[in-house]
Amino acid sequence: MRIRPRRLRRNAAIRDMVRETRMSVKDFIAPLFVKPGKKIKDPIPSMPGQFHFSVDTVVREAQELCSLGIPSIILFGLPDSKDPLGSRSWAEDGVVQQAISAIKSRVPDLVVMTDVCLCEYTDHGHCGVISNGRVDNDATLELLARQAVSHAKAGVDFVAPSDMMDGRVAAIRTALDQAGFDQIGILSYAVKYASAFYGPFRDAADSAPRFGDRTAYQMDPANALEALKEAHLDMEEGADMIMVKPATPYLDVISRVRDITLLPLAAYNVSGEYAMVKAAAGKGWIDGERVMMEMLMAIKRAGADLILTYFAKEAAGQIDNG
Ligand code: PBG
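Here the residue index of a chain counts from 1 through its sequence in written order. Whole-chain, interface and lining totals are the exception, using all residues; otherwise, since this is a predicted model, local features are given only for residues with pLDDT of at least 70 and side-chain atom pairs are given and counted only at 80 or more. With hydrogens and water set aside, each side-chain value is computed from the structure's full complement of heavy atoms.

The rule is short: rings of Phe, Tyr and Trp, with Trp giving its six-membered ring, pair when the centres are within 6.5 Å, and they are stacked under 30 degrees, edge-to-face over 60, tilted in between. Considering all chains together, one arrives at ten aromatic pairs under this definition. Ring plane angle 75° and centroid distance 5.1 Å describe the contact between phenylalanine 76 and phenylalanine 201, whose orientation is recorded as edge-to-face. In this pair, phenylalanine 76 sits in strand 4 (residues 72–77) while phenylalanine 201 sits in helix 6 (residues 199–205), placing the two residues 125 residues apart along the sequence. When sorted by exposure, phenylalanine 76 lands in the same class as phenylalanine 201, which is buried. Of the aromatic side chains, those joined through ring pairs into one cluster are Phe33, Phe76, Tyr189, Phe201, Tyr268, Tyr274, Tyr310 and Phe311. Between lysine 41 and the ring centre of phenylalanine 51, over which it is positioned, the NZ or CZ distance is 4.6 Å. In this analysis the charged atom, NZ for Lys or CZ for Arg, is taken to sit over a ring once it is within 6 Å of the ring centre and within 35 degrees of the ring normal. A cation sits over an aromatic face here: lysine 245 above tyrosine 198, 4.4 Å from the ring centre. Put simply, DSSP H or I for four residues or longer makes a helix, DSSP E for two residues or longer makes a strand, and each gets a number counted from the N terminus. Note on exposure labels: buried denotes an accessible area under 20% of the residue type's maximum, exposed denotes more than 50%, and partly exposed covers the range between, all computed with a 1.4 Å probe on protein chains only.

What follows is the structure, encoded as structure tokens:
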């Protein structure tokens, strides 16, 4: 035999030298949940190791993530009250708006992103305005734009619309520019599937739809060409970065979108992906830390530049240990 692939696997030093994909803490965006109150750090039962924070404690968490070298966070809000339009989502004194300005003033080097969506703020739990029993696309755009501008006023760096309404990137871009925020970027959840993997998040964010489901706006898991269409549209509408979500069940989609975009590509390693690893590891059925690293590496290898992941803090520790 002249060709023996095992020569390149003979010891750790050689394997390290020829490794094709490398993880870095700089790849991570850590999701954080904020709610009203003080001194709150309540564990989220469906997501072991994740917490609901109040504005004061989320600042401390942000400082810790920044000191680990994690470059960015994305904030989700649990409002004090909900209504049909989700009006607390654009309130100047809203919990996310307060968290943005507190974090930007205390941890200025951290890139602060926000999820822009209505589902946590509407009493019906849908990601848009309901008219005649359906989610009204165009009526929702204005509310999303209002929310994005309110985050920009509070000092956010990037807004990340996750609602899957048609035309929302353009609507948000126009509104940000008109309000003088041409420097504030958009990370679009361009390719977001109607996935059962969001289950633990909906508990954490209290955002499950009270009737029906999200299949009339989020994508059919069977479709990949449609992912390319959605990616193209958001690029044309002015997205600065785009995202595929969920991540591990859609590695083929990440890889295909990587091939057609020149923008930084993010993938969201969602709550269900996280919770499954935690649950199986808790039972002693898998080695949780190794599965975590293998999962994140797979997402990176598929072509993601950035990974939104609840594992950010834990994986940062692993990477530092070499
Ligand atoms: C809001 C939103 C969701 C997630 C991110 N933004 C839930 C949903 O669409 O139902 C899911 C994140 C996760 O599961 O970790 N629309």
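Between helix 4 (residues 137–154) and helix 5 (residues 168–178), the least distance of the axes is 9 Å, while the angle of their chain directions is 45°. Judged on the interaxial angle alone, helix 5 and helix 4 are oblique. The hand of the helix 4/helix 5 crossing is right-handed. Residues Leu141, Leu144, Ala145, Ala148, Val149 and Ala152 of helix 4 form the contact with helix 5, whose own contacting residues are Arg168, Ala171, Ile172, Ala175 and Leu176. Residues that form the contact of helix 4 with helix 5 fall into these classes: ten nonpolar, no polar and one charged. Convention adopted: a line fitted to C-alpha atoms gives each axis, helices being fitted over their contacting stretch, and angles between N-to-C directions are expressed from 0 to 180 degrees. Any angle between 65 and 115 degrees counts as roughly perpendicular, while under 35 counts as roughly parallel, over 145 as roughly antiparallel, and the rest as oblique. By convention, the crossing between two helices is left-handed when the near helix turns anticlockwise from the far helix through less than a right angle, and right-handed when the turn is clockwise. The contact criterion used is simple: two residues touch if any of their non-hydrogen atoms lie within 4.5 Å. Gly falls in the polar group here, along with every residue not listed as nonpolar (Ala, Val, Leu, Ile, Met, Phe, Trp, Tyr, Cys, Pro) or charged (Asp, Glu, Lys, Arg).

Moving on, we come to the site of the ligand. Around the ligand, a shell composed of 19 residues is seen, among which Lys192, Arg202, Lys245, Ser271 and Tyr310 lie nearest. Within the side chain of arginine 214, one N or O atom sits 3.0 Å away from an oxygen atom of the ligand. With respect to the ligand, the side chain of lysine 245 contributes an N or O atom lying 3.4 Å from a nitrogen atom. Only the protein chains shown count as cover for residues, and all accessible areas are computed by the Shrake-Rupley method using a 1.4 Å probe. For the ligand, the protein covers 100% of the area, taking 400 Å² as the surface of the free molecule. Counting only elements with at least two residues in the shell around the ligand, the list comes to strand 9 (185–192) and helix 6. Any residue with a heavy atom lying within 4 Å of a molecule or strand is counted as near it. Contacts described as polar in this section are N or O atom pairs within 3.5 Å, which, within protein, must combine one atom able to donate a hydrogen with one able to accept it, while residues neighboring in sequence count only if both atoms come from side chains.

The next thing to look at is the nonpolar core. The definition of a nonpolar core used throughout is a set of buried Ala, Val, Leu, Ile, Met, Phe, Trp, Tyr and Cys residues joined through side-chain atoms within 4.5 Å. With 105 residues, the main nonpolar core has Phe33, Ile73, Leu75, Ile103 and Val191 as its most contacted residues. Examining the composition of this core, we find that eight residues originate from one element, helix 4, more than from any other. What valine 191 contacts, discounting residues up to four positions off in sequence, is Met219, Ala227, Glu230, Ala231, Met243, Val244, Lys245, Val253 and Val257.

Right, let's get into the side chain of arginine 202. Looking at where arginine 202 falls in the secondary structure, it is placed in helix 6. Put simply, arginine 202 is tucked away with no salt bridge, and the nearest opposite charge, on aspartate 213, sits 8.2 Å away. Ignoring any residue separated from it by four or fewer positions in sequence, one finds arginine 202 in contact with Ser195, Ser207, Ala208, Pro209, Arg214 and Gln218. Under this rule, positive means Lys or Arg and negative means Asp or Glu; His and the chain ends count for nothing. Salt bridges are defined as contacts in which a side-chain nitrogen from Lys or Arg sits within 4 Å of a carboxyl oxygen from Asp or Glu.

In this description, the term disulfide denotes a pair of cysteine sulfurs within 2.5 Å. A complete count under the given rule lists zero disulfides for this structure. Sulfur of cysteine 117: no disulfide; nearest cysteine sulfur belongs to cysteine 127 and is 3.6 Å away. Taking the relative accessible area as the measure of exposure, cysteine 117 reaches 1% and is therefore buried. Given the relative accessible area of 1%, cysteine 127 is considered buried.

Before going further, it helps to spend a moment on the packing of helix 8 (residues 251–260) against helix 10 (residues 288–302). In contact at an axis separation of 8 Å, helix 8 and helix 10 are set at 30° when each is read in the N-to-C sense. Considering the angle they form, helix 8 stands roughly parallel to helix 10. Of the residues in helix 10, those in contact with Leu251, Ile254, Ser255 and Arg258 of helix 8 are Ala298, Ile299 and Ala302. Residues that form the contact of helix 8 with helix 10 fall into these classes: five nonpolar, one polar and one charged.

The next thing to look at is the pairing of strand 4. For strand 4, the tally of buried residues reaches six of six residues, placing the bulk of the element in the interior. By the alternation rule, side chains of strand 4 split into Ser72, Ile74 and Phe76 and Ile73, Leu75 and Gly77, which are all buried. Each pair of strands is called paired provided DSSP finds at least two bridges between the two strands. In this sheet, strand 4 lies alongside strand 1 (residues 28–34) in parallel orientation, the contact comprising six bridges. What sits directly across from phenylalanine 33, in strand 4, is phenylalanine 76. Bridging between strand 4 and strand 5 (residues 111–116) involves four bridges; their strand directions are parallel. Along strand 5, the bridge assignment pairs isoleucine 74 with methionine 113. Crossover handedness is defined here as right-handed if the route from the first strand over the helix to the second strand goes clockwise, with the strands pointing away from the viewer. Crossover handedness for the path strand 4 to helix 3 (residues 95–106) to strand 5: right-handed.

Here we take up unusual backbone geometry. Following lysine 245, the chain continues into proline 246 via a peptide bond in cis, with omega recorded as -10°. If you trace the backbone, proline 246 turns up in the loop between strand 10 (241–245) and helix 8. One non-glycine residue, aspartate 206, adopts positive backbone phi at about 50°. Position of aspartate 206 among the secondary structure elements: in the loop between helix 6 and helix 7 (225–237). Classification of aspartate 206 as partly exposed rests on a relative accessible area of 37%.

Such coordinate-based values are descriptive only and should not be taken to indicate function.
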